[in-house]
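Next come the chains, spelled out residue by residue.
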Amino acid sequence: MKTEIPCPINEKDLCSDVLFDDLFDDNTYCCDGHGVLIGFIHRHVVKISYRYGSSSVRLEVLDHPLSSDIKSRIILWLEIVCTGVNENSLDANTKLHTTVFYYENTRISDIIFKYSTDETT
């Protein structure tokens, strides 16, 4: 049985401890402690923002349109996040699962994470 579960992004939540690993160049970024991160993706300045307690992320390229290089890094990062979540289990009968909704336009991408558990009997 599949059950949707909350997994809000916040500074202490397991879902965000490593959420932004592998997204930025050299895994280096600055964080203001209030849901805003600034770093580089393929040498372009990118701002990530999220609200604590939400499950969505806004990614904005500040100095360049959203290029295919940046999009491919985002897609790779989302695959890593999904794989990391989907390999986890709460117990022997309950697996975690994430689904990602990704929307993009010229400079901005909105990403929504949905988490669920899947119980096997």
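Described below are features of the structure shown in this document.

### Thoughts on the overall build of the protein
Step number 1: Of regular secondary structure, the protein possesses two helices and eight strands.
Step number 2: Counting from the amino terminus, the protein carries its helices and strands in the arrangement β-α-β-β-β-β-α-β-β-β.
Step number 3: A compact globule built from 121 residues would reach a C-alpha radius of gyration of about 14 Å, and the protein, at 15 Å, matches this within 12%.
Step number 4: Based on the C-alpha atoms only, the size of the protein along its principal axes is roughly 50 × 30 × 25 Å.
Step number 5: Counting only residues that meet the buried cut, the protein has 33% of its 121 residues in that class.

### A word on the pairing of strand 3 (residues 36-41)
Step number 1: The two faces of strand 3 differ: Leu37, Gly39 and Ile41 on one face are buried, but Val36, Ile38 and Phe40 on the other face are not.
Step number 2: Where strand 2 (residues 29-31) meets strand 3, three bridges bridge the pair, whose relative direction is antiparallel. Note that in strand 3 the partner of Tyr29 across the bridge is Gly39.
Step number 3: Linkage of strand 2 to strand 3, two consecutive antiparallel strands, is achieved through a turn of four residues, within which Gly33 is found at a positive phi near 80°.
Step number 4: Bridge analysis of strand 3 against strand 4 (residues 44-49) gives six bridges, and the strand direction is antiparallel. When the sheet's bridge partners are listed, Ile38 is paired in strand 4 with Lys47.
Step number 5: Hairpin geometry of strand 3 and strand 4 is characterised by an intervening segment of two residues between the two adjacent antiparallel strands and by a positive phi of about 50° at His42.

### Re the packing of aromatic side chains
Step number 1: Enumeration according to the criterion identifies five aromatic pairs in this entry.
Step number 2: Ring geometry for Phe20 against Tyr50: centres 5.7 Å apart, planes inclined by 25°, an arrangement best described as stacked. Linking Phe20 in the loop between helix 1 (14-17) and strand 2 with Tyr50 in the loop between strand 4 and strand 5 (56-61), this pair joins segments that are 30 residues apart in sequence. The burial state of Phe20 is the same as that of Tyr50; both residues are buried.

### Considerations on helix 2 (residues 68-86)
Step number 1: The end-to-end C-alpha separation of helix 2 is 26 Å, in line with the 27 Å expected for 19 residues at 1.5 Å each.
Step number 2: Within the span of helix 2, buried status applies to Ile70, Arg73, Ile74, Trp77, Leu78, Val81, Cys82 and Val85.
Step number 3: In this structure, the buried side of helix 2 is in contact with strand 3, strand 4, strand 5, strand 7 (94-104) and strand 8 (108-119).

### Considerations on the nonpolar core
The nonpolar side chains of soluble globular proteins are, as a tendency, buried together.
Step number 1: Counting residues in hydrophobic clusters, the biggest one holds 25 residues, and the most contacted among them are Phe20, Leu23, Ile48, Ile74, Trp77 and Phe113.
Step number 2: For this core, the secondary-structure elements that each account for two or more residues are strand 3, strand 4, strand 5, helix 2 and strand 8.
Step number 3: Among the elements that line this core, the one with the most residues is helix 2, at six residues.
Step number 4: Apart from the residues within four sequence positions on either side, Trp77 is in contact with Leu19, Phe20, Asp21, Asp22, Leu23, Ile111 and Phe113.

Parameters and conventions
Residues numbered from 1 in each chain as written. Predicted model: local features only at pLDDT ≥ 70, side-chain atom pairs only at ≥ 80, totals over all residues. Heavy atoms only, no water. Helix = DSSP H or I, 4+ residues; strand = E, 2+ residues; numbered from the N terminus. Rg over C-alpha atoms; globule rule 2.2 N^0.38 Å. Buried < 20%, exposed > 50% of the residue type's maximum accessible area, 1.4 Å probe, protein only. Pairing = 2+ DSSP bridges. Phe/Tyr/Trp six-rings, centres within 6.5 Å; stacked < 30°, edge-to-face > 60°. Expected span 1.5 Å × (residues − 1). Contact = heavy atoms within 4.5 Å. Core = buried A, V, L, I, M, F, W, Y, C linked by side-chain atoms within 4.5 Å.

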